[in-house]
Amino acid sequence: MKQKKKLTIVLVIVIAAVIAAIAAVVLIRKNTHAPAPEQTAADLIRDTADLAVAEAYCCDLTVYGDDNTKLWVCFDEEKQEFVNRVGDEPALQGVYTLNGNEIITTASDEDGNELASIRYILDDRYLLIEDGMYSGDIPEGETFDASAEKTDSSGMLIRYTFQKDGTYTCLEVPAGKSEKEGTVMEGTYKKNGNLIERTLSGNEMIPFYVYAGHLFPSYYVETEAPEFDEK
């Protein structure tokens, strides 16, 4: 049981770091690509006196097939505690604190050793993973000319280039490779409020979220908490 629990904990830590790549169906590879210019979400935090934190937020990956599942972040506002779940199974749990509209979760093991700390920004019903923010500004309008990019934790450069005609490209460049050696996929998009609805290579994809003019592919959506099947 302990080995299974450790594996589940590792899975959730990895998932939190790479949902952006999952949303683009990117395969994480071991490489050393030079990172894009560093940006932080810290300056996007809003001073909110009374933040209403819902009981549950969900990231539904089942749109990508039966092998995927739903990821959950569940909060107990009274106890200031949280639980990360992969499907029904609890994975990480601990306490959380608030900083304006930022939620900081800290998970610990049974001995009190810190396992992981994840920072989120809460915007209305959307719980955004701060580490998932892409550099580049996203303008107003349904379609536009803009680009946004990020180098993930494995060194993979991912760049989205949006065109005014409602098309966009996704460029993936492995470490040590030139952009000419990267992989390019094409799709269509339309911005509707804070969501960029999109397709990629003819497939419907999870929408991007735009917060304060920045692209966030990694997020959870407020959802009514189900009755989890505790095994």
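Relevant structure appears above.
What you see is a predicted model, and the numbers here were worked out from it, not measured in a lab.

With that out of the way, let us pick up the nonpolar core. Of all hydrophobic cores here, the largest spans 35 residues; its most connected members are Phe75, Ile103, Leu127 and Tyr220. It is strand 6 (residues 114-123) that provides the largest number of residues to this core, a total of five residues. Those residues in contact with Phe75, other than ones at most four positions away along the chain, are Val53, Ala54, Glu55, Tyr57, Glu81, Phe82, Tyr96, Ile103, Thr105 and Leu127. Core analysis: the next-biggest nonpolar cluster, separate from the first, contains 18 residues, Ala146, Met156, Tyr189 and Leu215 among them.

With that settled, the discussion passes to the pairing of strand 7 (residues 126-129). For a regular strand, side-chain orientation follows a simple rule: the groups alternate between the two sheet faces. Here strand 7 shows a buried face lined by Tyr126 and Leu128 and a second buried face lined by Leu127 and Ile129. Relative to strand 7, strand 6 is paired through four bridges, and the arrangement is antiparallel. From the neighbouring strand, Tyr120 faces strand 7, where its bridge partner is Ile129. Between strand 6 and strand 7, which follow one another and run antiparallel, lie two residues, and Asp124 among them has a positive phi close to 60°. Sheet topology note: the strand 7/strand 16 (residues 219-222) ladder contains three bridges and is antiparallel. Residue pairing across strands places Leu128 opposite Tyr219, the latter belonging to strand 16.

Our focus in this paragraph is the packing of aromatic side chains. In the structure shown here, the tally under the stated rule is 16 aromatic pairs. For the ring pair Tyr160 and Tyr168, a centre distance of 6.3 Å and an interplane angle of 45° mean the geometry is tilted. The same class applies to Tyr160 as to Tyr168, namely buried. Between the NZ or CZ atom of Arg85 and the centre of the ring of Phe228, over which it lies, the distance is 4.1 Å. Arg198 extends its terminal NZ or CZ atom over the ring of Phe208, reaching a point 3.8 Å from the ring centre.

The rules behind these values
- Residues numbered from 1 in each chain as written.
- Predicted model: local features only at pLDDT ≥ 70, side-chain atom pairs only at ≥ 80, totals over all residues.
- Heavy atoms only, no water.
- Core = buried A, V, L, I, M, F, W, Y, C linked by side-chain atoms within 4.5 Å.
- Buried < 20%, exposed > 50% of the residue type's maximum accessible area, 1.4 Å probe, protein only.
- Helix = DSSP H or I, 4+ residues; strand = E, 2+ residues; numbered from the N terminus.
- Contact = heavy atoms within 4.5 Å.
- Pairing = 2+ DSSP bridges.
- Phe/Tyr/Trp six-rings, centres within 6.5 Å; stacked < 30°, edge-to-face > 60°.
- Lys NZ or Arg CZ within 6 Å of the ring centre and 35° of its normal.

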